[in-house]
Structures are given as C-alpha cells and as structure tokens.
Amino acid sequence: VPPEQGENWFLNTHVKEVLRQPGLIAYFSQRAIDMPGRPATWVRLTELWYENFKSWKQSVIDSPPTYTRPPWTGRDDYPFLKPYASTFLMERPDHDYLKEATPYP
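Here the structure is a predicted model, which means the values were calculated and not measured.

Participant: I keep staring at the environment of R20 and nothing clicks. Help me out?
Facilitator: One can find R20 in the loop between α1 (3–18) and β1 (24–31). Residue classification places R20 among the exposed positions, given a relative accessible area of 61%. When the C-alpha atoms of R20 and P65 are compared, they prove to be 8.7 Å apart, with 45 residues separating the residues in sequence.

Structural data, given as structure tokens:
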C-alpha cells in the first residue's frame, strides 16, 4: 500500500472512528521519523489514553468499537494488519528511559 493511501485511510477514516470511543480521554499520533542511516521500521506511533485500566477494558474489550476496514486488506478483524504491538504504561512509570537515554549521534 502506498504510504499516502495508508495515511489517507488512517487520518480521514480510522482516527475519526477512534475518537468516538467512550472513555477515551486523550489521543496522540505521529509519524515515525527516519534517522540518518537508520530508516524507521514502522510508520506511526499512536497513543490512546484512558482514565484507568477499567475504562480501557469497558471501551475496548467489553464493548469493542467497530472500525471501517481499509480497502486494501483482506482481514475482517481489527487491527486488519499484522504485526502490531500494544504497550500499557502507568500514568507515572517507574523509569524514564527518555531522560536516561544517550543521545543518538
């Protein structure tokens, strides 16, 4: 899929549907940046914020949202594409690796 076509579906269809989730309190998404000599292996990072785990579970597991399938995939089940990854972070994580990280040369 050309990146422009993926971005069009993501920004003009998917994001609008995600924003209708009950319990969602914040939503952030940004494109990956290629580093010199080190191209990004993924396209986009997206953060969905909920008040707590219970509100996420109610919104995503107990009453899962229905999303429009992109036209280029044959998968009917969300997230429509593989692979994908999810990470759950507490509001105040134990470690701040961004502060501890050595700057990229």
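Anyway, onward from the coordinates.
Participant: I keep staring at the packing of aromatic side chains and nothing clicks. Help me out?
Facilitator: Geometry of an aromatic ring pair is reported as the spacing of the ring centres plus the angle between the planes. Scanning the model with the defined rule gives three aromatic pairs in all. Their ring planes at 35 degrees and their centres at 5.2 Å tell us that F53 and W56 sit as a pair that is tilted. With a gap of three residues between them, F53 and W56 both fall in helix α2 (residues 53–62), about one helical turn apart. You can call W56 buried: its relative accessible area is 17%.

Participant: Explanation requested: α1 in the structure shown.
Facilitator: An α-helical turn contains 3.6 residues, so a residue and the one three or four places further along point in the same direction. Helix geometry: α1 is bent most strongly at F10, by close to 35 degrees. For α1, the full list of buried residues reads G6, E7, W9, F10, H14, V15, E17 and V18. Packed against the buried residues of α1 are β1 and β2 (44–50).

Participant: Would you mind showing me how to read the environment of W49 here?
Facilitator: Looking at where W49 falls in the secondary structure, it is placed in strand β2. Judged by relative accessible area, W49 falls into the partly exposed class, the value being 33%. Separated by 39 residues in the primary sequence, W49 and F88 place their C-alpha atoms 9.8 Å from one another. Engagement of the side chain of W49 in a polar contact is seen with the side chain of E47, the distance being 2.8 Å.

Rules behind the numbers
- Residues numbered from 1 in each chain as written.
- Predicted model: local features only at pLDDT ≥ 70, side-chain atom pairs only at ≥ 80, totals over all residues.
- Heavy atoms only, no water.
- Helix = DSSP H or I, 4+ residues; strand = E, 2+ residues; numbered from the N terminus.
- Buried < 20%, exposed > 50% of the residue type's maximum accessible area, 1.4 Å probe, protein only.
- Phe/Tyr/Trp six-rings, centres within 6.5 Å; stacked < 30°, edge-to-face > 60°.
- Bend = angle between axes of the 7 residues up to and from the residue.
- Contact = heavy atoms within 4.5 Å.
- Polar contact = N/O pair within 3.5 Å; in protein donor to acceptor, adjacent residues only side chain to side chain.

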